[in-house]
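# Observations on chain architecture
Next come the chains, spelled out residue by residue.
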Amino acid sequence: MPSAPDAGGSPQHPDEVPSPTAAPELSQEGVDGHVEAALAAIGGAGDLDELKEARLAHAGDRSPLALANRAIGALPGPEKAAAGKLVGQARGRVNQALARRQQELEAERDERILVEEAMDLTVAPGRRPLGRRHVLTVTAERMADAMVALGWEVAEGPQVEAEWFNFDALNFDKDHPARQMQDTFFVDPAKAGLVLRTHTSPVQARSLLDRGVPLYVAVPGKTFRTDELDATHTPVFHQLEGLAIDEGLTMAHLKGTLDRLAEAMFGPGTVSRLRPAYFPFTEPSAEMDFRCFVCRGEATAPPCRTCGGTGWIEWGGCGMVNHNVLRACGVDPERYQGFAFGMGVERTAMFRHGIADMRELIEGDVRFNAQFGMEI
Ligand code: PHE
């Protein structure tokens, strides 16, 4: 049967234009059947991917309803309107159903993502490396803490110090060789009389003048000498100073105090030992060692690596405060006496943690410091 003339007059390829008689899909039942099939597929789509497939099959270019729509063009004029309405409404229902299901599935997906990808924002971040306080800071604090536990106060003084406090008040003569011995950094201009303090001992005089007697102060701080940087020297280092002035203090108090500090730093039973020495600001003066906490002084073969087999480890200097220092600070040495000591914080940290090279302490490699954990 010849096909009816096209309303628009444009010729169509015979393959693409199903003849009306061969298009039962344009019957009410046919169209309803397509709609039903489409609605079933849409309703049955479990997720957005399945819905996409359903859309392609039932509303795509090659879907039965699209083909039916195209077939309308081939109908004779009077039937066109009715068929157009029938198919148009059918496609409308399918598109509405698609839109509704799309909305439902998107909402479901969003809800699922909220659950599946939920993040607990209160969990501590694991990947960001935690900062740590430097092992020297912590060691100096530990040392000062041990003194505070004995009832002492913590004092501080300036790093750029008056020569008078660094030397004169401490009984160094103007041309005392110790002034050179100390390898001092002098600060310009020379007539200002300023140095980078070569030890924490100037805070002895400052504390005596500021706080008066009786006095028990521990002074952690940065100190400077013109040393080259190597495994055992650094031009910028730290000391802990101790000064006790009271009535009736003796060297026994000094020894007992050092024993307590040694124990606090290196473990129970660690004692100190004094060897005669000279400092202008103490009389008598001594170098002090602490008992090697590895071999405890017992001879071992091979010799202990920590103390070199001597059983003792050098720690610092100490002594009874020279009366000239007390007088320079307005304290009556007939009534008040006392003792002082000073030791390196670097050395203390190195022995506490088995650090072999002092440069590790100052090079600033975060991986080095991270080993010591987070101490508050
Ligand atoms: N200030 C001395 C030094 O740096 C140590 C010391 C302190 C000695 C207190 C005696 C008393 O070497």
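Once a new chain begins, its residue numbering starts again from 1 and follows that chain's sequence as written. Only residues with pLDDT of at least 70 get local features here, since the model is predicted, and only at 80 or more are side-chain atom pairs given and counted; chain-wide, interface and lining totals rely on the full set of residues. Side-chain descriptors were evaluated using all non-hydrogen atoms of the structure, hydrogens and water having been removed beforehand.

We count a stretch as a helix when DSSP gives it H or I for four or more residues in a row; a strand needs E for two or more, and each element gets its number in order from the N terminus. Across its full length, the protein carries 12 helices and 10 strands. With the radius of gyration taken over C-alpha atoms, the globule rule is written as 2.2 Å times the number of residues to the power 0.38. Against the 2.2 N^0.38 benchmark of 21 Å for 376 residues, the protein shows a C-alpha radius of gyration of 46 Å, more extended than a compact globule. A principal-axis box enclosing the C-alpha atoms of the protein has dimensions of 135 × 55 × 35 Å. Every one of the 376 residues in the protein was classed for burial, and the buried ones make up 39%. We call two residues in contact when some of their heavy atoms are within 4.5 Å. Summarising the internal contacts of the protein: among those between residues at least 6 apart in sequence, 68% fall at separations of at least 24. For accessible areas, the Shrake-Rupley method is used with a probe of radius 1.4 Å. Any residue's cover is judged against the shown protein chains and nothing else. Within the structure as shown, the protein displays about 20900 Å² of accessible surface, and the carbon and sulfur contribution to it stands at 54%. Only four residue types enter the tally: Lys and Arg on the positive side, Asp and Glu on the negative side; His and the chain ends are excluded. For the purpose of locating charges, the reference atoms are NZ of Lys, CZ of Arg, CG of Asp and CD of Glu. Across the protein, the centroid of the 38 positively charged side chains sits 1 Å from that of the 54 negatively charged ones. Buried means the residue's accessible area, taken with a 1.4 Å probe over protein chains only, is under 20% of the maximum for its type, while exposed means over 50%, and partly exposed covers the values in between.

Our focus in this paragraph is the pattern of salt bridges. Once their charged atoms are close, side chains differing in charge can pair, the charge on each being opposite to the other. Here, a salt bridge means any side-chain nitrogen of Lys or Arg that lies within 4 Å of a carboxyl oxygen of Asp or Glu. As enumerated under the stated definition, the model contains 15 salt bridges in all. Of the charged contacts in the structure, one is a salt bridge between Arg133 and Glu141, with a shortest N-O distance of 2.6 Å. Assessed through its relative accessible area of 27%, Arg133 is described here as partly exposed. A salt bridge links Glu247 to Arg335; the shortest N-O distance between them is 3.3 Å. With Glu247 in the loop between β6 (236-246) and α9 (251-266) and Arg335 in the loop between α10 (323-328) and β10 (337-344), the pair connects residues that are 88 residues apart, well separated along the chain. Because the salt bridges share partners, they merge into one network encompassing Arg273, Arg275 and Asp289.

Within helix α8 (residues 202-211), the full set of buried residues consists of Pro202, Val203, Gln204, Ala205, Ser207 and Leu208. Gly212 lies just past α8 and shows a positive phi near 75°.

Note that Ala83 resides in helix α4 (residues 77-116). In sequence terms Ala83 and Ile72 are 11 residues apart; their C-alpha atoms lie 6.4 Å from each other. If we ignore the near neighbours within four places in the chain, the residues touching Ala83 are Ile72 and Leu75.

Before going further, it helps to examine the site of the ligand. Any residue with a non-hydrogen atom lying within 4 Å of a molecule or strand is treated as near it. Near the ligand lie 14 residues; those nearest to it are His199, Ser201, Arg225, Gln239 and Glu241. We call two N or O atoms a polar contact when they sit within 3.5 Å, provided that within protein one can donate a hydrogen and the other can accept it, with sequence-adjacent residues counted only if both atoms are side-chain atoms. Between an oxygen atom of the ligand and a side-chain N or O atom of Arg225, the distance comes to 2.9 Å. Starting from 320 Å² of accessible surface for the ligand in isolation, the protein chains cover 91%. For the shell around the ligand, the leading source of residues is β10, giving three residues.

This brings us to the sheet that holds strand β3 (residues 186-187). The three strands are arranged β2-β4-β3 in an open sheet whose pairing can be described as antiparallel. Two strands in the sheet have a free side with no partner beyond their single neighbour: β2 (160-162) and β3. Strands pair, by our definition, only if DSSP identifies at least two bridges between them. The sheet contact formed by β3 and strand β4 (residues 194-196) spans two bridges and is antiparallel. Its bridge partner being in β4, Phe186 is matched across the sheet by Val195.

Okay, the domain arrangement of the protein next. Segmentation of the protein into domains returns domain 1 (24-116) and domain 2 (135-370). Start and end positions for the domains come from either an automated domain assignment or a database one. A straight line from the C-alpha centre of domain 1 to that of domain 2 covers 90 Å.

The next point concerns the nonpolar core. Membership of the largest hydrophobic core comes to 41 residues, with the highest contact counts inside it found for Leu240, Leu261, Trp315, Phe339, Phe341, Met343 and Leu361. Apart from the residues lying within four places of it in its own chain, the contact partners of Phe341 are Met147, Trp152, Leu240, Glu241, Gly242, Leu254, Thr257, Leu258, Leu261, Met288, Gly317 and Cys318. Side-chain atoms within 4.5 Å link the members of a nonpolar core, which is a set of buried Ala, Val, Leu, Ile, Met, Phe, Trp, Tyr and Cys residues. By size, the runner-up hydrophobic cluster in this structure holds 22 residues, among which are Leu215, Val217, Ile245 and Ala340.

Time to look at the packing of aromatic side chains. Two rings belonging to Phe, Tyr or Trp (six-membered ring only in the last case) form a pair when the distance between their centres is within 6.5 Å. Interplanar angles under 30 degrees mark stacking, angles over 60 mark edge-to-face geometry, and anything in between is tilted. For the structure shown, the criterion picks out 14 aromatic pairs. Ring geometry for Trp152 versus Phe341: centroids 6.1 Å apart, planes at 45°, classification tilted. With Trp152 in the loop between α5 (135-149) and β1 (153-154) and Phe341 in strand β10, this residue pair connects regions lying 189 residues apart in the sequence. Aromatic side chains Phe290 and Phe351 sit 6.0 Å apart centroid to centroid with 85° between the ring planes, which places their arrangement in the edge-to-face category. You can see Phe290 sitting in strand β8 (residues 282-291) and its partner Phe351 sitting in helix α11 (residues 345-353), a full 61 residues away along the chain. You'll find Phe290 and Phe351 in the same group, each marked buried.

Attention shifts here to unusual backbone geometry. Note the cis peptide between Asp188 and Pro189, where omega equals -10°. Within the element layout of this structure, Pro189 appears in the loop between β3 and β4. Positive phi outside glycine occurs at Asn171, with the angle close to 75°. Along the chain, Asn171 falls in the loop between α6 (163-166) and α7 (177-181).

Turning to the sheet that holds β10, a few remarks are in order. Here seven strands make up an open sheet; going across it, the order is β1-β5-β6-β10-β9-β8-β7 and the pairing mixed. Looking at the sheet topology across the chains shown, the edges are occupied by β1 and β7 (272-279). Here strand β5 (residues 215-224) runs beside β6; their pairing, made up of 10 bridges, is antiparallel. Each bridged residue has a counterpart across the sheet, and for Leu215 the counterpart in β6 is Ile245. Axes here mean lines fitted to C-alpha atoms, for a helix over just the part in contact, with angles spanning 0 to 180 degrees between N-to-C directions. Across the sheet, α9 touches β6, β7, β8, β9 (312-321) and β10, and the angle it forms with β10 is around 30°.

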